[in-house]
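As a plain string of letters, each chain reads:
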Amino acid sequence: MLDMSGWVVVAVGVILCFAGVASLNLAVLVSAFAVVWLLADVFGASTGIALLVAAAGAVAVWVLVRVVFRTALFFVGALAVLGWLSQRRISARRLGNDTSGRST
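A brief report on the enclosed structure follows. (Residues numbered from 1 in each chain as written. Predicted model: local features only at pLDDT ≥ 70, side-chain atom pairs only at ≥ 80, totals over all residues. Heavy atoms only, no water.)

1. Some words on the overall build of the chain
Item 1. For the chain, the helix and strand inventory stands at three helices and zero strands.
Item 2. Secondary structure elements in the chain, listed N-terminal to C-terminal, are α-α-α.
Item 3. For the chain, the proportion of its 104 residues judged to be buried stands at 9%.
Item 4. Within the chain, counting contacts between residues at least 6 apart in sequence, those at least 24 apart form 33% of the total.
Item 5. Carbon and sulfur atoms form 75% of the exposed surface of the chain, whose accessible area is close to 8,300 Å². (Helix = DSSP H or I, 4+ residues; strand = E, 2+ residues; numbered from the N terminus. Buried < 20%, exposed > 50% of the residue type's maximum accessible area, 1.4 Å probe, protein only. Contact = heavy atoms within 4.5 Å. Areas by Shrake-Rupley, 256 points an atom, 1.4 Å probe, with all protein chains shown as cover.)

This is how it looks when you write it as structure tokens:
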């Protein structure tokens, strides 16, 4: 038989299962909330203060994760464009259509 905390875990799992892409954001928020709550508890914060600190920490971690992944996507895209440009230049040299202005 599950106790109340078991039902909470099942409820969170169902929400994450059916939330689609939003489940990634929700997973980051919930896990960051839990970690920051534990840290606040270690430092002896009261329940109200721990709740406020955990909520603020969860939002801060969510923003940080969004910025990190957006930046990573930017750099991956830049690498893809640079690869495409270098491949185009190599193909142009093979065909004798080098437009770089340099003689070979």
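There's more to say after this.
2. Examining the packing of aromatic side chains
The geometry of an aromatic ring pair is captured by the separation of the ring centres together with the interplanar angle, meaning the angle of the planes.
Item 1. A complete count under the given rule lists two aromatic pairs for this structure.
Item 2. Ring centres of Phe-74 and Phe-75 lie 5.4 Å apart, and the angle between their planes is 75 degrees; on these two criteria the pair is classed as edge-to-face. (Phe/Tyr/Trp six-rings, centres within 6.5 Å; stacked < 30°, edge-to-face > 60°.)

3. Concerning the packing of helix 2 (residues 22-42) against helix 3 (residues 47-95)
Item 1. Where helix 2 meets helix 3, the closest approach of the two axes is 7 Å, and the angle between their N-to-C directions is 135 degrees. The orientation of helix 2 relative to helix 3 falls into the category oblique. Where helix 2 crosses over helix 3, the two elements pack in a sense that is right-handed. (Axes fitted to C-alpha atoms, helices over the stretch in contact; angles between N-to-C directions. Parallel < 35°, antiparallel > 145°, perpendicular 65-115°, else oblique. Left-handed = near helix turned anticlockwise from the far one by under 90°.)

4. Focus: helix 3
Item 1. Over its 49 residues, helix 3 runs 71 Å from end to end, which matches the ideal 72 Å to within 8%, given 1.5 Å per residue.
Item 2. Restricting attention to buried positions, one finds in helix 3 the residues Ala-50, Ala-54, Gly-57 and Ala-58.
Item 3. Along its buried surface, helix 3 packs onto helix 2.
Item 4. Gly-96, located one to two residues past helix 3, shows a positive phi value of around 80 degrees. (Expected span 1.5 Å × (residues − 1).)

5. A closer look at helix 2
Item 1. Given a rise of 1.5 Å per residue, 21 residues ought to cover 30 Å, and the 30 Å separating the end C-alpha atoms of helix 2 matches this to within 8%.
Item 2. All buried positions along helix 2 are accounted for by Ser-23, Ala-32, Val-36 and Ala-40.
Item 3. A positive phi of about 80 degrees marks Gly-44, the residue just after helix 2.

6. Here we look at a nonpolar patch on the surface
Item 1. Residues Leu-79, Val-81, Leu-82, Trp-84 and Leu-85 make up a contiguous nonpolar surface patch of about 540 Å² in total accessible area.
Item 2. Following the sequence through the fold, Leu-85 ends up in helix 3. (Patch = residues over 30% accessible without salt bridge, like charges linked within 9 Å, V, L, I, M, F, W, Y side chains within 5 Å. Salt bridge = Lys/Arg side-chain N within 4 Å of Asp/Glu carboxyl O.)

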